[in-house]
Structure formats: structure tokens, C-alpha cells
Amino acid sequence: TKVTSTSAPRSSVQAAGTASRTRSTEPALRLDWCSYEAAKYACENWHYSKTVPKQKLVKVGVWEHGRFIGCVLFGDGANNGMLKPYGLGYEDGCELVRVALGKHESPVSRIVAIALKFLRRHCPKLRLVVSYADPSEGHHGGIYQAGGWVYAGSSSASHQYIANGKQWHAQSIDCQRLRRHPDPCANGLEWLRKYRDPNASQVIVPGKHRYLMPLDDEIRARVAPLAKPYPKRSRVRSADSGTTPQE
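Reference entry: report on the structure contained in this document. (Residues numbered from 1 in each chain as written. Predicted model: local features only at pLDDT ≥ 70, side-chain atom pairs only at ≥ 80, totals over all residues. Heavy atoms only, no water.)

### A word on the pattern of salt bridges
Right, on to step 1. Here the structure, examined in full by the defined rule, presents 5 salt bridges.
Right, on to step 2. Note that D32 and R30 form a salt bridge whose closest N and O atoms lie 3.5 Å from each other.
Right, on to step 3. The buried category is assigned to D32, whose relative accessible area is 18%.
Right, on to step 4. Residue classification places R30 among the partly exposed residues on the basis of a relative accessible area of 22%.
Right, on to step 5. Taking the shortest distance from any N to any O, the salt bridge between D216 and R127 comes out at 2.8 Å. One end of the pair, D216, is in the loop between β10 (209-214) and α7 (217-223); the other, R127, is in the loop between α3 (108-122) and β5 (128-133), with 89 residues separating them in the sequence.
Right, on to step 6. Relative accessible area serves as the criterion here: at 22%, D216 is assigned to the partly exposed category.
Right, on to step 7. Sharing partners across several salt bridges, the network here consists of R127, D216, E218 and R222. (Salt bridge = Lys/Arg side-chain N within 4 Å of Asp/Glu carboxyl O. Buried < 20%, exposed > 50% of the residue type's maximum accessible area, 1.4 Å probe, protein only. Helix = DSSP H or I, 4+ residues; strand = E, 2+ residues; numbered from the N terminus.)

Okay, structure coming up:
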């Protein structure tokens, strides 16, 4: 079963904004389904991208002492061929697409581990979760290393565009090209300069660290030979989940 959207119980949505119980009676850490609005708030305020992926999402909210502190989001992923190297089809896995946390006490690796349990309960036929750590943002994947994920090396370098002061993924621009102003004579950069920003430019971004979390024994055995030594943390402070420096 592929990832399908989740919706939060009413009590969960209400708790996203305020602490509904006192510190003494509320568990130190609680995860539950959260609303899109709560996930959007977390991503826009506590994730370096400031965006929510435009895809079907499993949205797991995180609370400490009754206070909403962020979310963990799973989705289909931006790359349709993401699972092919592992002998899996599109329906067999998903991507951890956001860990967006504000100030928190609990280790991020513990939060992600509990979120994975929610995912497996909601999508029991999933067999593999993939996630990426972006070295250009100072991330090396510390939360995945602490959680025992398999490090499978880096993805290939790619190009992105800068237009109107914002950096865009090539895939996002391609979608806009096809939907808004189809122009078979223009590539992404030419299209941007023609329709969006005459001073648009292209930049090369390094590949991202790729981590795998197998969800059954067969897939665990299949990806085990792909494991490489964990990369080390760079000196650049991480911003992937708010105040957490080990990402």
C-alpha cells in the first residue's frame, strides 16, 4: 500500500496550538496524527526549506509536555525511480520528507523511531523508507545514524535554478513549464529567463547522503550489502530540524 494522506483527530489538532494539560500530567513525549495546518506551521517555522512537499503525506505530530513542537512527514518522494535500485516498485516504499522540530528535549532519533512505528501501522505493506541528508545545508545524517539506518552513499549532483531571489529544484520548474507556459523550444533556464526572471541562473548542487530503513527482514538482507561507512559531521551547524545539531 502506497502512502496515503492522514488526518488528525480533533483533539490532536486542538493540541497543536496550545498545551491542553499541565506539565505534571502530560507525558514528556507524545506523537499522534496532526493536521495539514499544524504540519505547515512546523515546516514554515522550523525547517530550513520553509515549505511543505506537494504530495500525499503521512503527517505525524510531536508534542512535549502538551506543547506542539513539530512534525515528521512521510511522502511518495520527488523521484519516481527512488526504489528501483532495491528491486522494489513504486508502491513498496516511501521517503521521509521532513523532520521539522522547534525547541525540544527528546532525541530526534527517538522521535523518528516512533514516527516509523506510526507509518508501519498506517501503511503495513511498505517495505522500505528512504531519506536524504543535504550536505549543502551542513547535514550529514546524524539522526539516521543514531537510529541504525543503512547509509547507501550519495545521490548524483544535480542542477537547480535561481530566479527572483529564490532557488528552485529543476523538477519544480519543469512542472511549471508544462502547466503554465508550455514552450518546447525552451529548456528550464531559457524558460525562466523568458517568463519569470531575465537574470535567472543555474547552479550545481552536490549529491545528498542517502539513508535506508528496511521494514522487513528480506529487505534488510537485500540492502545490507549496500552499507557504506557513515559520513562524519561537518563543522557547519545543521538546521534541518530546528535546534538539532546532529543532523
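### Thoughts on the sheet that holds strand β9 (residues 201-205)
Right, on to step 1. On the basis of which strands lie adjacent, the open sheet formed by 3 strands has the order β8-β7-β9 and antiparallel pairing. Taken across any chain shown, the strands that pair with only one partner, and hence form the sheet edges, are β8 (166-169) and β9. Here the average twist between neighbouring strands, direction ignored, is 35°.
Right, on to step 2. Bridge analysis of strand β7 (residues 158-163) against β8 gives 4 bridges, and the strand direction is antiparallel. When the sheet's bridge partners are listed, A163 is paired in β8 with K166.
Right, on to step 3. Sheet contacts for helix α5 (residues 170-180): β7 and β8; angle to β8, the most-contacted strand, approximately 80°.
Right, on to step 4. Docked against the sheet, helix α6 (residues 188-195) engages β7 and β9, running at close to 5° with respect to β7. (Pairing = 2+ DSSP bridges. Axes fitted to C-alpha atoms, helices over the stretch in contact; angles between N-to-C directions. Contact = heavy atoms within 4.5 Å.)

### Some remarks on the sheet that holds β5
Right, on to step 1. As summarised here, the arrangement of the 7 strands in space is β1-β2-β3-β4-β5-β10-β6, forming an open sheet in which the pairing is mixed. Strands at the two margins of the open sheet, each flanked by one partner only, are β1 (30-33) and β6 (150-154). Recorded for the sheet is a direction-independent mean angle of 30° between the axes of neighbouring strands.
Right, on to step 2. By the bridge criterion, 3 bridges tie strand β4 (residues 93-101) to β5 in an arrangement that is parallel. Following the sheet pairing, C94 is matched in β5 by V129.

### Some words on a positive patch on the surface
Right, on to step 1. Together, K54, K166, R179 and R180 line one region of the surface with positive charge.
Right, on to step 2. With respect to the helices, strands and loops of the structure, R179 is situated in helix α5. (Patch = residues over 30% accessible without salt bridge, like charges linked within 9 Å, V, L, I, M, F, W, Y side chains within 5 Å. Areas by Shrake-Rupley, 256 points an atom, 1.4 Å probe, with all protein chains shown as cover. Lys, Arg positive; Asp, Glu negative; His and termini not counted. Charge placed at Lys NZ, Arg CZ, Asp CG, Glu CD.)

### Quick look at the nonpolar core
Right, on to step 1. Grouped together as the largest cluster of nonpolar side chains are 31 residues, with contacts concentrated most on F74, L96, L119, V129 and W149.
Right, on to step 2. Elements represented by at least two residues in this core include exactly β1, β2 (57-64), β3 (67-75), β4, α3, β5, α4 (142-146) and β10.
Right, on to step 3. The dominant element in this core, judged by the number of residues it contributes, is α3, at 7 residues.
Right, on to step 4. The next biggest cluster of nonpolar side chains, apart from the first, holds 13 residues, and it includes A39, C43, F68 and V97. (Core = buried A, V, L, I, M, F, W, Y, C linked by side-chain atoms within 4.5 Å.)

### Some words on the packing of α5 against α6
Each pair of packed helices can be summarised by the angle the axes make with each other and by the distance between the axes.
Right, on to step 1. The contact between α5 and α6 brings their axes to 10 Å, and the two run at 60°. Considered as vectors, α5 and α6 are oriented oblique to each other. In this structure, α5 meets α6 at a crossing whose hand is left-handed. Along the contact surface, α5 presents I173, Q176 and R177, while α6 presents G188, W191 and L192.
Right, on to step 2. Residue composition of the contact of α5 with α6, grouped by class: 3 nonpolar, 2 polar and 1 charged. (Parallel < 35°, antiparallel > 145°, perpendicular 65-115°, else oblique. Left-handed = near helix turned anticlockwise from the far one by under 90°. Nonpolar A, V, L, I, M, F, W, Y, C, P; charged D, E, K, R; others polar.)

### Comments concerning the state of the cysteines
Here a disulfide denotes a covalent bond joining the sulfur atom of one cysteine to the sulfur atom of another.
Right, on to step 1. A full pass over the atoms with the stated rule returns 0 disulfides.
Right, on to step 2. Distance from the sulfur of C43, which forms no disulfide, to the nearest cysteine sulfur (C71) is 4.3 Å. (Disulfide = S-S within 2.5 Å.)

### Structural notes on the environment of T51
Right, on to step 1. Take T51: it is sitting in the loop between α2 (36-46) and β2.
Right, on to step 2. Each C-alpha atom, one on T51 and one on K40, is 7.3 Å from the other, the two residues being 11 residues apart in sequence.
Right, on to step 3. With near-sequence residues (within four places) excluded, T51 lies in contact with C43 and R98.

Function-wise, these values are silent; they only describe arrangement.
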